[in-house]
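Below, each chain spelled out in residue letters.
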Amino acid sequence: MDTAVLRTAYDRLLDAAATPGLGDTDDGGWNADQVLAHILSVDASIAAVALGVVAGSRPAFDNRICLDAWNLDRIIAEHSGRADLIDHVRSQAAVLCDIADRLHGEAASVLVPSLLLSNDVLVLDQPIPLAGLINGLAENHVPGHTRQLLGLRAAVPVRA
């Protein structure tokens, strides 16, 4: 697989996450640390699925644990602050991309039973190729969370 687009998406996400003064959302949505914890959870889950496929098992991907508030709080608590979360996302994204770079033909095309929720709405409940799961990070997931982080920047009150 070619991960150039995914690596660029992560670079943009990490730049947005490092923006000083990210605030909270007006609607009670995730703050920057929760977004980064979610990214860490999703990336670890997809890396585990990819390694499982390479090992010959047929794992499934279910993102519900990646959305769970307790799990996100646990991930945040394991880090010393935003900079530590950002560093972990950077290193874990590199691992995921390195795994994906080594996926070829048969492994990339293995159908992975997938259950995806977003904002309590079912987005997907069907098998998709492993490559599609990984490419979905580059095409939708990471850019969507980059926009979410940039929106937090806009949510910060301007002081005169």
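Everything here concerns the structure above.
Starting from 1, residues in each chain are numbered consecutively following that chain's sequence as written. Totals for whole chains, interfaces and linings use every residue, but because this is a predicted model, local features are given only for residues with pLDDT of at least 70 and side-chain atom pairs only at 80 or more, for both listing and counting. The side-chain numbers reported here are obtained from all heavy atoms of the structure, hydrogens and water having been left aside.

1. A look at the overall build of the chain
Along the chain, the regular secondary structure elements total 7 helices and 3 strands. Counted from the first residue to the last, the chain has its helices and strands arranged as α-α-β-α-α-α-α-β-β-α. For 160 residues, the compact-globule formula gives about 15 Å, and the C-alpha radius of gyration of the chain, at 16 Å, lands near that figure. In terms of overall dimensions, the chain has a C-alpha envelope of 60 × 30 × 25 Å along the principal axes. Relative to its 160 residues, the chain shows a buried fraction of 43%. For the chain, the proportion of contacts with a sequence separation of at least 24, taken over those separated by at least 6, is 74%. For the chain, the distance from the average site of its 11 positive side-chain charges to the average site of its 20 negative ones is 4 Å. Each helix is a run of H or I in the DSSP string that is no shorter than four residues. Each strand is a run of E no shorter than two, and both are numbered from the N terminus. Atoms counted for the radius of gyration: C-alpha only. Globule rule: 2.2 Å times residue count to the power 0.38. Relative accessibility thresholds used throughout: buried, under 20% of the residue-type maximum; exposed, over 50%; partly exposed, between the two (1.4 Å probe, protein chains only). Whether two residues are in contact is decided by their heavy atoms: any pair within 4.5 Å suffices. Positive residues here are Lys and Arg, negative ones are Asp and Glu, while His and the chain termini are left out of the count. Charge placement uses NZ in Lys and CZ in Arg. For Asp and Glu, CG and CD serve respectively.

2. Focus: the nonpolar core
The term nonpolar core refers to a set of buried residues drawn from Ala, Val, Leu, Ile, Met, Phe, Trp, Tyr and Cys, joined through side-chain atoms within 4.5 Å. Leu-6, Tyr-10, Ile-46, Leu-130, Leu-133, Leu-137 and Leu-149 are the most contacted members of the largest nonpolar core, which has 50 residues in total. Listing elements by their share of this core, those giving two or more residues are helix 1 (4-17), helix 2 (32-55), helix 4 (69-77), helix 5 (82-101), helix 6 (105-109), strand 3 (121-129) and helix 7 (130-155). The residues touching Ile-46, leaving out its near neighbours within four places in the chain, are Phe-61, Leu-96, Leu-133, Ile-134 and Leu-137.

3. Notes on the environment of Leu-149
Here Leu-149 lies in helix 7. Among the residues examined, Leu-149 registers a relative accessible area of 0% and is labelled buried. In this structure the C-alpha to C-alpha distance between Leu-149 and Asp-62, which are 87 residues apart in sequence, comes to 24 Å. Those residues in contact with Leu-149, other than ones at most four positions away along the chain, are Leu-13, Ala-16, Ala-17, Leu-22, Ala-32 and Val-35.

4. Observations concerning the pairing of strand 2 (residues 111-118)
We call two strands paired when DSSP finds no fewer than two bridges between them. With 2 bridges connecting them, strand 1 (residues 61-62) and strand 2 associate as parallel partners. In the sheet register, Phe-61 faces strand 2, and the bridge partner there is Ser-114. Examined bridge by bridge, strand 2 and strand 3 share 8 bridges and lie antiparallel to one another. Residue Leu-117 lies in a different strand from strand 3, and its bridge partner there is Leu-122.

All we've got here are geometric facts, nothing functional implied.
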